[in-house]
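Residue-level structure breakdown
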Amino acid sequence: MMNMTETVKQLLIINVLFFLGSYFVPQANELLALHYFESDAFKFWQPITHMFMHGSPMHIFFNMFALISFGSALEHFWGAKKFLFFYFSCGIGAALIHSGVNYYEIHSLLNQLQNTTISSADIHTILNTDFVSGNQYQGRLLYENAQATFDKLNLNESDFRILFDAAIKNQSAAVGASGAIYGLLVAFAFMFPNAELMMMFIPVPVKAKYFVPVIVLLDLFSGVTGFSIFGGNIAHFAHVGGALIGFIMMWYWKKNQFNQNRWDR
């Protein structure tokens, strides 16, 4: 790992400040995390600000470790402007793909509703009723304790379960620089394909051109199947999205021999 470059250092400081600030400002996650774009909690700035929010000390540690390790190498060869353009493109692209998958999943659920007489306004109200706070059992408790709200809609158990699952997805928020980091991983594999990398806790060196695709395919597998070897509450399609945008950009730059003079250091 080479010395930390200046832009990477600034990104590191901003991420740490956002992380510490979220402990002192309880509303920070609500305002800055990436909410589903049809949710009442969505704000137009969240595709950018979510990249600086993290859910736990381990979350920010792993992301910042990767940022320093791979970002410094890329900034060293690209310069600050090109590096930042690539970094934010991957992070925002990851947010868009993550949101697109959420849109597909939520509307696939809503299309299963048996009670077609439910109005769009009532569906909107249920989707934005707070089922996320606390644990998942709260959704059932809220239903039982709010008979006047839900019974008047004549919801059967199946329709309620569909709406509850859609509400969970509607209210879940994504945080972290992981989408941008996956883009950096892909770029690193493009530029240094034979560099040997090791997954933490698995001290077996693997060339970047093999290591990175395997990591991305694991995330794709987890996103499709719901089975994750890395634990729960992971936005797998954001990871895949960042990697995809990174791949497209690197492929385009390589194919068209991107004009390096356009990016002044």
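Residues numbered from 1 in each chain as written. Predicted model: local features only at pLDDT ≥ 70, side-chain atom pairs only at ≥ 80, totals over all residues. Heavy atoms only, no water.

1. Examining the overall build of the chain
For the chain, the count of helices and strands is twelve helices and four strands. In the chain, buried positions account for 43% of the 265 residues. Considering only residue pairs separated by 6 or more positions, the chain has 74% of its internal contacts joining residues 24 or more positions apart. Accessible surface computed for the chain: about 14,500 Å², of which carbon and sulfur atoms make up 63%. (Helix = DSSP H or I, 4+ residues; strand = E, 2+ residues; numbered from the N terminus. Buried < 20%, exposed > 50% of the residue type's maximum accessible area, 1.4 Å probe, protein only. Contact = heavy atoms within 4.5 Å. Areas by Shrake-Rupley, 256 points an atom, 1.4 Å probe, with all protein chains shown as cover.)

2. Observations concerning the packing of aromatic side chains
Across all of its chains, the model carries 17 aromatic pairs by this definition. On the numbers, 5.4 Å between centres and 40° between planes, the contact of F18 with F52 is tilted. Remark: F52 occurs in the loop between α3 (46–49) and α4 (57–78) and F18 occurs in helix α1 (residues 6–24); sequence separation between them is 34 residues. Given the relative accessible area of 29%, F18 is considered partly exposed. Judged by relative accessible area, which is 9%, F52 ranks as buried. When the ring of F19 is compared with that of Y23, the centres are 5.3 Å apart and the planes differ by 85°; the resulting orientation is edge-to-face. Taken together, the positions of F19 and Y23, both in helix α1 and four residues apart, correspond to about one turn of that helix. Site record: aromatic cluster; members linked through ring pairs are F18, F52, F83, Y87 and F88. Against the face of W253 rests K82, its NZ or CZ located 4.4 Å from the ring centre. (Phe/Tyr/Trp six-rings, centres within 6.5 Å; stacked < 30°, edge-to-face > 60°. Lys NZ or Arg CZ within 6 Å of the ring centre and 35° of its normal.)

3. Comments concerning the nonpolar core
Counting 39 residues, the largest nonpolar core has L67, W78, F83, F86, Y87 and L184 as its most contacted members. Counting residues per element, the ones that place at least two in this core are α1, α4, α5 (80–110), α10 (178–191), α11 (208–225) and α12 (236–255). (Core = buried A, V, L, I, M, F, W, Y, C linked by side-chain atoms within 4.5 Å.)

4. Points about the packing of α5 against helix α9 (residues 157–171)
Helix-helix packing: each pair is described by the crossing angle between the helix axes and the interaxial distance. Relative orientation of the contacting elements α5 and α9 amounts to 165°, with a least axis distance of 9 Å. Judged by the inter-axis angle, α5 sits roughly antiparallel to α9. Like other packed secondary-structure pairs, α5 and α9 cross with a definite hand, here left-handed. For the pair formed by α5 and α9, the contact residues are N102, E105, I106, L109 and L110 on the first element and I162, L163, D165, A166, K169 and N170 on the second. Here the contact of α5 with α9 is composed, by residue class, of six nonpolar, two polar and three charged. (Axes fitted to C-alpha atoms, helices over the stretch in contact; angles between N-to-C directions. Parallel < 35°, antiparallel > 145°, perpendicular 65-115°, else oblique. Left-handed = near helix turned anticlockwise from the far one by under 90°. Nonpolar A, V, L, I, M, F, W, Y, C, P; charged D, E, K, R; others polar.)

5. Here's the deal with the side chain of N15
Here N15 shows up in helix α1. Take N15: its relative accessible area is 0%, and that puts it in the buried class. When sequence neighbours within four positions are dropped, the list of residues in contact with N15 reads M51, F52, H54, I60, M64, Y87 and A177.

6. Topic: the pattern of salt bridges
All chains considered together, the criterion is met by two salt bridges. As a salt-bridge pair, K9 and E6 come within 3.9 Å of each other at their nearest N and O atoms. Here the residue K9 and the residue E6 both occupy positions in helix α1, the gap between them amounting to three residues, near one helical turn. In this structure K9 comes out as partly exposed when scored by relative accessible area, which is 35%. Note on E6: relative accessible area 46%, which makes it partly exposed. Its salt-bridge partner being K169, residue E105 comes within 3.1 Å of it at the nearest N-O pair. Here K169 lies in helix α9 and E105 lies in helix α5, a separation of 64 residues in the sequence. With relative accessibility at 24%, the residue E105 sits in the partly exposed group. (Salt bridge = Lys/Arg side-chain N within 4 Å of Asp/Glu carboxyl O.)

7. Some remarks on helix α6 (residues 120–127)
By the burial criterion, the buried members of α6 are I123, I126 and L127. Taken end-on, α6 shows its buried residues confined to a sector of 100°, consistent with a single buried face. (Arc of directions from axis to C-beta.)

8. Digging into the environment of A238
Tracing the chain through its elements places A238 in helix α12. Assessed through its relative accessible area of 13%, A238 is described here as buried. Considered as a pair, A238 and G91 are 147 residues apart in the sequence and their alpha carbons are 8.4 Å apart. Dropping the residues within four chain positions of it, A238 is found in contact with A94, H98 and G179.

9. Here we look at α9
With 15 residues, α9 extends 21 Å from end C-alpha to end C-alpha; this agrees with the ideal 21 Å at 1.5 Å per step. Those residues of α9 not exposed but buried are D159, F160, I162, L163, F164, A166, A167, I168, N170 and Q171. (Expected span 1.5 Å × (residues − 1).)

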